[in-house]
Amino acid sequence: MTDQASETQPEVRKSSRFNKVWIIPIIALLLGAWLVKRNHDEKGDIVTIRFETADGLTAGKTEVKCRNVKVGIVEDIRLTDDLKVEVSVRIKPDQLDLVRKDSQFWVEKARVQGASISGLDTLIKGAFIGLDPGTGSRGIREFKGLETPPLTPASIEGLRLVLTAREPGSVTIGSGIYFQNNLIGRVESHTFHPESKTVEFGVFIQDSFSNLVTTNALFWQNSGISLHVGADGFDLDLPSLDSLVAGRISVAVPKGVPPGDLITDNSSIPLFQSLEAANQSNFMGGVEMLILIDESLRGLSVGSPVEYRGLKIGRVG
């Protein structure tokens, strides 16, 4: 009787925690997630840029270029509630490192800015969004686009200065900066301040020539025909044709003056209206003297030099 009961007693086993039936769905889920990630990585990432107008831009057609190399394309253009234009561009995954906190975007098209003409090739190929890579933190995806492209991208090394003047003369955006008749830079921006009634010119000096601009260097306008009559005779200055058309700024260290130290980036420097005005500035802050002369002062005028043994040490005020 006992043997019969033992034969009919069920065998109890522990159930397996993992059922083999789930292997195929799990593999399919992992494969699907990998395909989604791969598809996202191949597409890149979306960057949003705000512009004042969408002139020249077309969704699905307008390209994003850096140094004239395609790095993305415009996917969507929409109008915001404050009547700004939001442009969504997709940047290639291998070019996302170019998009940083201080990256700059602008619409490259045919423009005439003062003496500067740019973007003529877009008349044939069409407008595109230019990208100047930044050096700040990564992961930024929203930017405010520039309405006018920079003449020199911020990523290019060089010396950037601010020249202040009372009268702009014929100097404008694109005017050249010359050292001994050699082009070393250009004017990049022109800003008028109504409060102080002054003009600020943002200029860029090429990196290879930045050592020529020191703390004792003087900047002056050299953009028109100048005739000066003084005690030492006539002085007629005839500029080149490009100076008459586009304006020109000259820079030099006055003779007999030590070069000084290298100037720092973004320094503010006065821009004089002429070489004569620049030379006269050397005597600012000097000692004023009153000289009584019993003889005739014929030929002597304001600005005439005061010399000692052939060296100019002052001027007639």
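Here's a quick rundown of the structure. (Residues numbered from 1 in each chain as written. Predicted model: local features only at pLDDT ≥ 70, side-chain atom pairs only at ≥ 80, totals over all residues. Heavy atoms only, no water.)

1. A word on the overall build of the protein chain
Broken down by element type, the protein chain carries five helices and 20 strands. Across the protein chain, the fraction of contacts at a sequence separation of at least 24, relative to all contacts at a separation of at least 6, is 65%. Summing over all exposed atoms, the protein chain offers an accessible surface of approximately 21200 Å²; the carbon and sulfur share of this is 56%. (Helix = DSSP H or I, 4+ residues; strand = E, 2+ residues; numbered from the N terminus. Contact = heavy atoms within 4.5 Å. Areas by Shrake-Rupley, 256 points an atom, 1.4 Å probe, with all protein chains shown as cover.)

2. Side note on the pairing of strand S14 (residues 218–221)
Burial of S14 is two-sided: the residues Leu218 and Trp220 facing one way and the residues Phe219 and Gln221 facing the other way are all buried. When S14 meets strand S17 (residues 248–252), the two strands line up antiparallel, connected through four bridges. Within S17, the residue paired with Leu218 across the bridge is Ala252. Summarising the sheet, S14 and strand S18 (residues 268–272) pair through two bridges and their orientation is parallel. Of the residues in S18, the one forming a bridge with Trp220 is Phe272. (Buried < 20%, exposed > 50% of the residue type's maximum accessible area, 1.4 Å probe, protein only. Pairing = 2+ DSSP bridges.)

3. Observations concerning the sheet that holds strand S4 (residues 85–91)
The strand order across the open sheet formed by seven strands is S5-S8-S2-S3-S4-S1-S9, and the pairing between neighbours is mixed. Two strands lie at the open edges of the sheet, namely strand S5 (104–108) and strand S9 (142–144), each paired on one side alone. Recorded for the sheet is a direction-independent mean angle of 30 degrees between the axes of neighbouring strands. As paired strands, strand S2 (residues 63–66) and strand S3 (residues 69–79) are joined by four bridges and run antiparallel to one another. (Axes fitted to C-alpha atoms, helices over the stretch in contact; angles between N-to-C directions.)

4. As for the nonpolar core
Core analysis: the biggest nonpolar cluster contains 21 residues, and Leu161, Leu163, Ile177, Phe201, Phe219 and Ile249 have the highest contact counts within it. When sequence neighbours within four positions are dropped, the list of residues in contact with Phe201 reads Leu161, Val162, Leu163, Pro168, Val171, Val187, Ser189, His190 and Leu271. With 19 residues, the next largest nonpolar core counts Leu57, Val71, Phe105 and Ala127 among its residues. (Core = buried A, V, L, I, M, F, W, Y, C linked by side-chain atoms within 4.5 Å.)

5. Brief notes about the packing of aromatic side chains
For the structure shown, the criterion picks out one aromatic pair. Between Phe105 and Phe143, the ring centres sit 5.1 Å apart and the planes meet at 55 degrees, which makes this aromatic pair tilted. Here Phe105 is found in strand S5, whereas its partner Phe143 is found in strand S9, with 38 residues between them in sequence. The class for Phe143 is buried, based on a relative accessible area of 9%. Over the ring of Phe128 we find Lys65, and its NZ or CZ is 4.9 Å from the ring centre. Above the ring of Tyr178, the side-chain terminus of Arg248 is found at 3.9 Å from the ring centroid. (Phe/Tyr/Trp six-rings, centres within 6.5 Å; stacked < 30°, edge-to-face > 60°. Lys NZ or Arg CZ within 6 Å of the ring centre and 35° of its normal.)

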